[in-house]
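# A closer look at the structure
One letter stands for each residue in the lines below.
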Amino acid sequence: MFPETIETERLRLRPRWPETVDVHECYEICSADPGIDEVTEYVTWSPHETVKETQEFLERGKSKWEDAEAAGYVIRPKPGEDGAGEIAGCTGIGIDWDRRTAVLGLWLRKRFWGRGYSGERAAALCELAFDRLDLELVAVSHHPDNEQSARAIEKYVDRFGGQREGVLRNHLEYQDGSVHDEVRYTISQREWREATDGGTDVLD
C-alpha cells in the first residue's frame with residue numbers, strides 16, 4: 001500500500017524499520033546528536049535513553065506500517081547533498097481511514113535545518129495521500145512557539161492551496177504527560193489539485 005522508497009530531487013525516504021535502519025546509528029542520533037535538545041523541544045518525544053527505546057521506536061514504525069495505520073520513513077540526503085547517505089531525520093504519514101485524512105509528521109537533525117527539506121518531502125507525502133491513497137485531507141500541526149516549523153509549514157500549505165485552521169487548545173500530549181496547544185493546518189485534495197494543475201509528479 002505504501003511505497004518502500006520515495007525519491008525527491010534531493011532526498012531518499014526508506015521505511016523506518018529495524019531491517020532498514022541501524023539501531024545503534026539511530027540511537028546515537030536520537031540520544032546525543034548535537035542539538036538534540038532543540039530538536040525535541042517542540043515534539044512529543046524526548047531524547048532516547050537506551051538502545052532498547054530506539055529499537056522499540058523502529059519496531060513501532062514497522063507495526064503501524066503493516067497495520068496500514070501509518071507509513072514512517074527515515075530521510076537521507078541523496079548524492080551531491082551535504083551529509084549524503086546519513087540519517088537526516090524522520091517523517092511519516094498517519095492515516096485516519098474513517099475520516100479519509102492523513103496527518104504529516106517530521107523531525108530533522110539540527111545540522112539539516114534550513115535546507116527546505118520539509119517542503120520537499122511534504123510535496124511527496126501529499127502526492128502519496130491524494131494520488132495513491134485517494135484521501136480527502138492532509139493535516140499538519142506544530143507547537144505555537146515553534147516558529148521554525150511554522151514558517152516551513154505555512155510555506156508549503158500556501159503553495160498547495162491549504163489553510164490555517166486555528167489553535168487546538170490542550171490537544172498535544174508530550175511523553176512526559178504534559179499537554180500543549182497546537183496550531184493546525186489542512187490541505188484538501190481539491191485545493192491541492194487546483195494549486196498544482198491536477199497534481200504533482202514527485203513519485204514514480
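Positions within a chain are numbered from 1, following the residues in the order the chain's sequence is written. Owing to the predicted nature of the model, reporting of local features is limited to residues with pLDDT of at least 70; listing and counting of side-chain atom pairs is limited to 80 or more, with chain, interface and lining totals taken over all residues. Based on all heavy atoms of the structure, the side-chain values leave hydrogens and waters out of the count.

### Some words on the overall build of the protein chain
Keep this limit in mind: Here a helix means four or more residues in a row that DSSP labels H or I, a strand means two or more in a row labelled E, and each is numbered from the N terminus. C-alpha atoms define the radius of gyration, and 2.2 Å times the number of residues to the power 0.38 defines the globule rule. The contact rule is simple, with two residues in contact once any of their heavy atoms fall within 4.5 Å. Using a 1.4 Å probe, the Shrake-Rupley method yields the accessible areas, and only the shown protein chains count as cover for residues.
If you tally the helices and strands in the protein chain, you get 6 helices and 8 strands. Counting from the amino terminus, the protein chain carries its helices and strands in the arrangement β-β-α-α-α-β-β-β-α-β-α-β-β-α. By the compact-globule yardstick of 17 Å for 204 residues, the protein chain fits well, its C-alpha radius of gyration being 16 Å. Each of the three principal axes of the protein chain carries a C-alpha extent, and together these read 45 × 40 × 35 Å. When contacts within the protein chain are restricted to residue pairs at least 6 apart in sequence, long-range pairs at least 24 apart make up 65% of them. Total accessible area on the protein chain is roughly 10,400 Å²; 43% of this is exposed by carbon and sulfur atoms.

### Thoughts on the packing of aromatic side chains
Note the threshold: For Phe, Tyr and Trp, rings pair up if their centres lie within 6.5 Å, where Trp contributes its six-membered ring, and each pair is then called stacked (planes under 30 degrees apart), edge-to-face (over 60) or tilted (otherwise). Think of it as a cone above the ring: NZ of Lys or CZ of Arg counts as a charge over the ring if it is within 6 Å of the ring centre and within 35 degrees of the ring normal.
Applying the stated criterion to the full structure yields 5 aromatic pairs. An angle of 40° between the planes, with centres 5.3 Å apart, marks the rings of phenylalanine 130 and tryptophan 192 as tilted. Of this pair, phenylalanine 130 sits in helix α4 (residues 117-132) while tryptophan 192 sits in helix α6 (residues 189-195), placing them 62 residues apart in sequence. Taken together through their ring pairs, the aromatic side chains of Phe2, Trp17, Trp65 and Tyr73 make up a single cluster. One Lys or Arg, arginine 16, reaches over the ring of phenylalanine 57 and ends 3.9 Å from the middle of that ring.

### Describing the pattern of salt bridges
As a working rule, side chains carrying opposite charge can pair if their charged atoms are close by. To be explicit about the condition: Criterion for a salt bridge: a side-chain nitrogen of Lys or Arg within 4 Å of a carboxyl oxygen of Asp or Glu. Only protein chains enter the accessibility calculation, which uses a 1.4 Å probe. A residue is then buried if its area is under 20% of the maximum for its type, exposed if over 50%, and partly exposed in between.
Considering all chains together, one arrives at 17 salt bridges under this definition. Arginine 111 is paired through a salt bridge with aspartate 82; the nearest N and O atoms lie 3.6 Å apart. With arginine 111 in the loop between β5 (101-108) and α4 and aspartate 82 in the loop between β3 (70-77) and β4 (89-96), this residue pair connects regions lying 29 residues apart in the sequence. According to the relative accessible area criterion, arginine 111 is partly exposed, its value standing at 37%.

### A few points about the pairing of strand β2 (residues 11-15)
The cut-off we apply is this: Two strands pair under a simple rule: DSSP has to find at least two bridges between them.
Inspection of the sheet shows strand β1 (residues 6-7) paired to β2 by 2 bridges, in the antiparallel sense. Bridge pairing in β2 places isoleucine 6 opposite leucine 13.

### Quick look at the side chain of glutamate 120
Tracing the backbone shows glutamate 120 in helix α4. A relative accessible area of 13% means that glutamate 120 is categorised as buried. Dropping the residues within four chain positions of it, glutamate 120 is found in contact with Thr8, Glu9, Arg10 and Leu11.

### What to know about a negative patch on the surface
Condition: Residues forming no salt bridge and having over 30% relative accessible area are the ones grouped into patches, like charges within 9 Å of each other and nonpolar side chains (Val, Leu, Ile, Met, Phe, Trp, Tyr) within 5 Å. For the purpose of counting charges, residues Lys and Arg are taken to be positive, whereas Asp and Glu are taken to be negative. His and the chain ends are not included. We put the charge of a Lys on NZ, of an Arg on CZ, of an Asp on CG and of a Glu on CD.
Among the surface-exposed residues, Asp37, Glu41, Asp145 and Glu147 lie close enough to one another that they form a single negatively charged patch. Within the fold, aspartate 37 resides in helix α2 (residues 36-39). Here aspartate 37 falls in the exposed class, since its relative accessible area comes to 58%.

Functional significance is not addressed by these values, which are geometric in nature.
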